[in-house]
Amino acid sequence: MNSSDSIYHEKQVRELCALHALNNLFQTKGYFSKLELDTICHSLSPDVWINPHRSIFGLGNYDINVIMKALQCKGYEAIWFDKRKDPSCLNLDNICGFILNVPSEYKIGFVMLPLRRRHWITLRQINGFFYNLDSKLDVPQIIGNSEDLLEYLKEQLECKDKELFLVVQSEVDSNQSWLLNKTVYTNHVRERDAEIVQLKDIVSDGVNVTINPLCDKQTDDLTDNW
């Protein structure tokens, strides 16, 4: 299969997995910087002592709001994928890549700490094959072709603690061409409560987040639904 020697792959530093995921997504060193993400954090919550969008120590641990805003600055959107749907509804040709959010253990040395952390992982196609570009991996992990990717996504989304975001160009988001069939994916409004609950673990308390499960722009105050 395809060699991973030419693939750009940032390794994990501190709690900067969101930064690594973004740079791995665009396959460019320094496409985003820690300073840029910190600036976005400040713009989202400018008048607070402790910024809710990152670690209180300033080491990273950025939430989904920061990732979404960073992508928007480059002309892209992050679309939350409803895990109750089959990934086969996706038009892979119009999707730039995927960002997977998973639970992560936190430890110092060999000591496991009882802290809840989330980890961001990029999946994308390079030279005809899909790769897992997890910053915690020593080298990129090949997933395979389109069929392999869809099976991989199905397996990942069987876990209730994992969430998937599609990264698309803004135009693709607007015309919903990331879907093969819009009618198959569209949900009823009454399902919104379940969608909000699924997102609650990857955003900060009292923070608004824009999600796109109904194929339109909707902003919800998640605090009211916790």
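Residues numbered from 1 in each chain as written. Predicted model: local features only at pLDDT ≥ 70, side-chain atom pairs only at ≥ 80, totals over all residues. Heavy atoms only, no water.

**Student:** Please clarify how the UniProt feature "active site" (unreviewed entry) in the protein chain should be interpreted in this entry.
**Tutor:** Taking the UniProt record as the reference, the feature "active site" (unreviewed entry) is found at Cys 17, His 119 and Asp 134. The greatest C-alpha distance among the residues just named is 9.1 Å, despite their covering 118 residues of sequence, which places them together in space. Checked against the element boundaries, His 119 lands in strand E3 (residues 111–126). Assignment of secondary structure puts Asp 134 in the loop between strand E4 (129–132) and strand E5 (141–144). Looking at Asp 134, the relative accessible area reads 10%, which means it is buried. (UniProt positions renumbered as here; feature names shortened; annotations may be inferred. Helix = DSSP H or I, 4+ residues; strand = E, 2+ residues; numbered from the N terminus. Buried < 20%, exposed > 50% of the residue type's maximum accessible area, 1.4 Å probe, protein only.)

**Student:** I keep staring at the pattern of salt bridges and nothing clicks. Help me out?
**Tutor:** Charged atoms that come close allow side chains of opposite charge to pair. On inspection of all chains with the given rule, the structure shows 5 salt bridges. With a shortest N-O distance of 2.8 Å, Asp 38 and Lys 34 are connected by a salt bridge. Placement of both Asp 38 and Lys 34 in helix H2 (residues 34–44) is noted, with a separation of 4 residues, approximately one turn of the helix. The exposure class assigned to Lys 34 is partly exposed, which follows from its relative accessible area of 23%. (Salt bridge = Lys/Arg side-chain N within 4 Å of Asp/Glu carboxyl O.)

**Student:** Any chance you could explain the packing of helix H1 (residues 17–26) against helix H3 (residues 64–73) here in plain terms?
**Tutor:** Two measures define how a pair of helices packs: the angle their axes make with one another and the distance between the axes. Packing of H1 against H3 leaves a shortest axis separation of 11 Å and a crossing angle of 30°. As for the relative orientation of H1 and H3, their crossing is right-handed in sense. Side by side, H1 and H3 meet where Ala 18, Leu 22, Leu 25 and Phe 26 of the first sit next to Ile 67, Ala 70 and Leu 71 of the second. (Axes fitted to C-alpha atoms, helices over the stretch in contact; angles between N-to-C directions. Left-handed = near helix turned anticlockwise from the far one by under 90°. Contact = heavy atoms within 4.5 Å.)

**Student:** Would you mind going over the environment of Gln 156 with me for this structure?
**Tutor:** The residue Gln 156 is located in helix H4 (residues 146–157) in this model. For Gln 156, a relative accessible area of 13% puts it in the buried group. Apart from residues lying up to four places away in sequence, Gln 156 is in contact with Leu 100 and Lys 162. There is a polar contact of 2.7 Å between the side chain of Gln 156 and the side chain of Lys 162. (Polar contact = N/O pair within 3.5 Å; in protein donor to acceptor, adjacent residues only side chain to side chain.)

**Student:** Please clarify how the confidence of the model for the protein chain should be interpreted in this entry.
**Tutor:** Note: predicted coordinates in regions of low pLDDT should not be interpreted at a detailed level. The share of residues in the protein chain with pLDDT of 70 or more is 71%, and the mean pLDDT across the chain is 78. Confidence scores differ between elements of the protein chain, with strand E8 (residues 218–221) showing the lowest mean pLDDT of 34 and E4 the highest of 98. Contacts for the low-pLDDT stretch residues 107–115, under 50 throughout, to residues beyond four places or in other chains number 9 contacts. Between residues 204–226, whose pLDDT stays under 50, and residues either more than four places distant or in other chains, the model counts 61 contacts. (pLDDT = per-residue confidence, 0-100.)

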